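Structural characterization, general
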Amino acid sequence: MSKNQEDKSAESTIDRRGGELPLHGAFHPSTDQQGTAPPSFAARVDLGGAGAFCSPDTPGMPLPSAKTAWDFYSEPPGGHQPITQLESARAGLITPEMERVAEREPHLTAEQIRKEIAAGRMIIPANRVHLSYELDPLAIGRASKTKINANMGASPVSSGTDEELEKLRWAIRWGADTVMDLSTGGDINACREAMIRNSTVPIGTVPIYSMIFGKKIEDLTYDDILRELENQAKQGVDYFTIHAGVLRAHLPYVKDRLIGIVSRGGSLLAKWMIHHGKENPTYEIFDDICDIMREYDVSFSLGDGLRPGGLADATDEAQIRELETLGELTERAWAKGVQVMIEGPGHIPFDQIEYNMKIERRICHGAPFYVLGPLVTDIFPGYDHITSCIGATAAAYHGASMLCYVTPKEHLGLPKRDDVKQGCIAYKIAAHSADIALGIPGTRDNDDEVTKARAALNWKKHFDLSFDPDTARAYHDEDLDVDTDFCAMCGHDWCSVRISKEIQEFMSGKDEEYAWKKSRVSDALTPEQREILEQRGVLSPAEIHALASKTKEAVGASTGHKAVCHSDLAADGEARELQAGGMAGHETGGKR
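Residues numbered from 1 in each chain as written. Predicted model: local features only at pLDDT ≥ 70, side-chain atom pairs only at ≥ 80, totals over all residues. Heavy atoms only, no water.

A few points about the overall build of the protein chain
- When helices and strands are counted, the protein chain shows 23 helices and 13 strands.
- In the protein chain, which comprises 592 residues, the proportion classed as buried is 55%.
- For the protein chain, the share of sequence-separated contacts (at least 6 apart) that also reach a separation of at least 24 residues comes to 71%.
- When the accessible area of the protein chain is evaluated, it comes to approximately 25300 Å², of which 53% is carbon and sulfur surface. (Helix = DSSP H or I, 4+ residues; strand = E, 2+ residues; numbered from the N terminus. Buried < 20%, exposed > 50% of the residue type's maximum accessible area, 1.4 Å probe, protein only. Contact = heavy atoms within 4.5 Å. Areas by Shrake-Rupley, 256 points an atom, 1.4 Å probe, with all protein chains shown as cover.)

A look at helix α6 (residues 161-173)
- Under the 1.5 Å per step criterion, the end-to-end length of α6 is 18 Å for 13 residues, consistent within 8% with the ideal 18 Å.
- Buried residues of α6: Glu164, Leu165, Lys167, Leu168, Trp170 and Ala171, and no others.
- Those residues of α6 that are buried lie in contact with β3 (147-152), β4 (178-181), α7 (188-197), β5 (203-205) and α16 (417-438).
- Backbone geometry just after α6 places glycine 175 at a positive phi near 105 degrees. (Expected span 1.5 Å × (residues − 1).)

Remarks on the pattern of salt bridges
- Here the structure, examined in full by the defined rule, presents 34 salt bridges.
- The partner of arginine 197 in a salt bridge is glutamate 193, and the shortest N-O contact between them spans 2.6 Å. Pair noted here: arginine 197 and glutamate 193 are both in helix α7, with a separation of 4 residues, about one helical turn.
- By relative accessible area, which is 22% here, glutamate 193 ends up partly exposed.
- The shortest N-O distance in the salt bridge between lysine 358 and glutamate 354 comes to 2.7 Å. Taken together, the residues lysine 358 and glutamate 354, both in helix α14 (residues 353-363) and 4 residues apart, mark about one turn of the helix.
- The class of lysine 358 is buried, set by a relative accessible area of 0%.
- Take glutamate 354: its relative accessible area is 9%, and that puts it in the buried class. (Salt bridge = Lys/Arg side-chain N within 4 Å of Asp/Glu carboxyl O.)

Things to note about the side chain of glutamate 218
- Position of glutamate 218 among the secondary structure elements: in the loop between α8 (208-211) and α9 (222-235).
- Residues within four places of glutamate 218 in sequence aside, it is in contact with Lys271, Trp272, His275 and His276.

Considerations on the pairing of β4
- Every second residue of β4 is oriented toward a common face, with Thr178 and Met180 on one face and Val179 and Asp181 on the other, all of them buried.
- Bridge count for β4 against β5 is 3 bridges, and the pairing is parallel. Its bridge partner being in β5, methionine 180 is matched across the sheet by glycine 204.
- You can see the chain leave β4, run along α7 and come back into β5, and the turn it takes is right-handed. (Pairing = 2+ DSSP bridges. Right-handed = clockwise from strand over helix to strand, strands pointing away.)

Thoughts on the nonpolar core
- Ranked by internal contacts, the top residues of the largest apolar core, which has 103 residues, are Val179, Phe300, Ile342, Leu403, Cys424 and Tyr427.
- With 8 residues, α16 is the single largest residue contributor to this core.
- Within the second largest apolar cluster, 24 residues are counted, among which are Ala26, Ala42, Phe53 and Ile440. (Core = buried A, V, L, I, M, F, W, Y, C linked by side-chain atoms within 4.5 Å.)

What to know about the pairing of β3
- With respect to burial, β3 is a largely interior element, 6 of its 6 residues being buried.
- As defined by bridge partners, β3 adjoins β4 across 4 bridges and the pair is classed as parallel. Note on β4: the bridge partner recorded for asparagine 149 is threonine 178.

Comments concerning the packing of aromatic side chains
- Using the criterion set out here, one finds 8 aromatic pairs in the structure.
- Here phenylalanine 286 and phenylalanine 300 contribute two aromatic rings whose centre-to-centre distance is 4.9 Å and whose plane-to-plane angle is 20 degrees, an arrangement assigned as stacked. Here the residue phenylalanine 286 occupies a position in helix α12 (residues 286-296), and phenylalanine 300 occupies one in strand β7 (residues 299-302), the gap between them amounting to 14 residues. Just as phenylalanine 286 is buried, phenylalanine 300 falls in that class too.
- Centroid distance tryptophan 459 to phenylalanine 463: 6.0 Å. Interplanar angle 40 degrees. Geometry classified as tilted. Residue tryptophan 459 and its partner phenylalanine 463 are both found in helix α18 (residues 459-464); the two are separated by 4 residues, about one turn of the helix.
- Sitting over the ring of tryptophan 174, arginine 173 keeps its end group 3.7 Å from the ring centre.
- Directly above the ring of tyrosine 283 sits arginine 332, whose terminal nitrogen or CZ lies 5.4 Å from the centroid. (Phe/Tyr/Trp six-rings, centres within 6.5 Å; stacked < 30°, edge-to-face > 60°. Lys NZ or Arg CZ within 6 Å of the ring centre and 35° of its normal.)

Examining the packing of helix α21 (residues 527-536) against helix α22 (residues 541-548)
- Interhelical geometry of α21 versus α22 gives an angle of 165 degrees and a closest axis separation of 10 Å. When the axis of α21 is compared with that of α22, the two are roughly antiparallel. The crossing of α21 and α22 is right-handed. Contacts between α21 and α22 involve Arg530, Leu533 and Glu534 on the former and, on the latter, Ile544, His545, Leu547 and Ala548.
- Looking at the contact of α21 with α22, its residues break down into 4 nonpolar, 1 polar and 2 charged. (Axes fitted to C-alpha atoms, helices over the stretch in contact; angles between N-to-C directions. Parallel < 35°, antiparallel > 145°, perpendicular 65-115°, else oblique. Left-handed = near helix turned anticlockwise from the far one by under 90°. Nonpolar A, V, L, I, M, F, W, Y, C, P; charged D, E, K, R; others polar.)

By themselves, these observations are geometric and do not establish any function.
The structure is reproduced here in structure tokens:
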């Protein structure tokens, strides 16, 4: 962003009622500042400081920590070679991975990325082994765009390696920035290996699942823990969820919860501690764990083993005390040169989301926060991708760096292929919405292009620019398979956008790049679009077949239900003519 753009973004704007708009000096999310909207209402950006892209603090919120990863750094002895991204950043080195992240995050320079990593506010989860395969490095941190994670993995009752690989490809197709393999059944080791070798995005795991596969949690030993971590690091896992923050002293605070411990790792380690009368083993050998992770540059995702499993248990004593321990572990990991992000809840009432984001920012010194949802209500099983992406949008706006998706199958079963798509799309919406609100430069550019295509009533470009063109096209053609200057919602005579195009004073749709003058028949449905309409079940099989195999003659004549959208007033009768099948003189799309 240029200095001129920055100054313009920071200008105070007065609204017509005489009050100042709540501008704080954030950047504008549109590169060219198109349209008439004011810039972002987010806080002034402090790249290189504690406040990168974040919301203004509501009065009473915890202030950022004054410390960074630099405060837990000791000068290495002579001859020390940096291994991790954190060590390289501290040594002033810009790695190839930092360069690649700068290409993917054009609002940041490689040097800014290096500084954020050195401060501990950003990580590049990139195991050195995975880098030798197909990994395309990315950054997680509040100075970068918000990332999303997709969970998957075989279970004892469902799925296997082939299905999980298909879901991996599907998740990446629909925008997952990282994927966690949470397999608890089948050939766990082979499934993990296959996912790493076939993934362009970072792969995370919860290693304790494999540590106790085929044995009781009570039989877990320190050697088992270190052996499995070494195995997974050698395979190329990019980040480990380690629930080392759950301590024996925290367990009494769980007894009055409505739902107890909902984290698998947290519940397993709680059972181990109660059985043995000892401290959490991953806490006890944390330094040894750090040594293994440093060797391969595996990042920590310090797990929230005491996260709330319902609104009634949110922001309670157990959750906050564990977070305090995670802050301590963050300091210890940074001292060892290991990258860290923190996992967060879960289920949080909407009014408590900002506090949760900003108490982590303080306790964990700005380490990236990776949250599950959070869900803002508990009464919509089957729709929890929606209840959670509402909370996820708020979480990202208030400081979370990565959002772990929730699918419609959350709380109900293992997500299938379409559940993965629905979860990814819901969370891409949440992440993208937050990035625009935060004023990350350029994040609104594609939205503005869609707006210009809509203003011109250019349906093809409208769909081509959208995140999911197949669904947009299928939904449109379900009611009206003609690309004309109105849609089926309003019809010709009531279309406000069409009317605005005719008002010369401002003439909506004036961008020449998107202008088009002739109506056209849309292409026949693709197999993907046909499947979408079949799943919806609105049209009959015959109607869908007509859309999927239509010719000039078939359009309109074979699907009489569409004739309701023509104009009774338009002099040229174009819409009526198109829908009746009279195509002479009009453009057609694609081959017939």
